[in-house]
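Okay, here's what each chain looks like letter by letter:
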Amino acid sequence: MDSQDNDNPAAEVVVAVGDCSPEDARTVLDLLEHSFPAEAVEGSPTEGGGGATVWSATLDAAKPAERRETAVRLKDTVSVTLQGGPRAVERVHAALAGHFAIEDTGTVSGDQEKEIGLRLRS
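Because the structure is a prediction, the values reported are computed rather than measured.

1. Some thoughts on the nonpolar core
For step 1, the next point in the chain: In this structure, V28, V80, L82 and L96 are the most contacted members of the largest nonpolar core, which totals 28 residues.
For step 2, the next point in the chain: For this core, the secondary structure elements donating two or more residues are strand 1 (12–18), helix 1 (22–35), strand 3 (54–60), strand 4 (78–84), helix 2 (86–97) and strand 6 (114–121).
For step 3, the next point in the chain: Apart from residues no more than four positions distant in its own chain, V28 is found in contact with V17, L74, V78, V80, L96, F100 and L120.

2. With respect to unusual backbone geometry
Trans is the prevailing form of peptide bonds, just as negative phi is the prevailing case for residues other than glycine.
For step 1, the next point in the chain: Look at D19: it is not a glycine, yet its phi comes out positive at around 55°.
For step 2, the next point in the chain: Relative to the elements of secondary structure, D19 occurs in the loop between strand 1 and helix 1.
For step 3, the next point in the chain: The class for D19 is exposed, based on a relative accessible area of 55%.

3. Concerning the pairing of strand 1
For step 1, the next point in the chain: Pairing of strand 1 with strand 3 involves seven bridges; the strand directions are antiparallel. When the bridges of strand 3 are listed, G18 appears paired with V54.
For step 2, the next point in the chain: As paired strands, strand 1 and strand 4 are joined by six bridges and run antiparallel to one another. The partner of V17 across the bridge, within strand 4, is V80.

About the criteria used
Residues numbered from 1 in each chain as written. Predicted model: local features only at pLDDT ≥ 70, side-chain atom pairs only at ≥ 80, totals over all residues. Heavy atoms only, no water. Core = buried A, V, L, I, M, F, W, Y, C linked by side-chain atoms within 4.5 Å. Buried < 20%, exposed > 50% of the residue type's maximum accessible area, 1.4 Å probe, protein only. Helix = DSSP H or I, 4+ residues; strand = E, 2+ residues; numbered from the N terminus. Contact = heavy atoms within 4.5 Å. Pairing = 2+ DSSP bridges.

This is the structure in structure tokens:
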């Protein structure tokens with residue numbers, strides 16, 4: 001079934017990054033873009049209007065790329081929300097956990113979708 005995930009909306013994960021500097025948001029989103037093939041990213045990360053505190057991107061998490069071995073550092077803690085199909089959300093969570101210390105701040109699970117809140121730090 002995983003081989004069909006890239007054609008399945010359940011493989012999409014909406015990632016929202018906030019409560020951080022633009023540099024830390026870019027660090028997290030860059031890591032995810034490298035963790036999941038570039039052609040799998042729908043559009044580019046978006047930033048809200050003036051004074052925005054949330055950056056977002058939609059990933060196709062059907063097939064993670066090989067893990068990056070380079071160090072990824074954050075200046076401060078970063079809030080991240082992942083929303084999508086349960087298996088896809090777990091793949092993105094695992095990619096983040098491979099590089100950052102993670103504190104789960106809450107989970108909401110539905111029939112076809114899962115949302116988790118995280119705090120990341122180096």
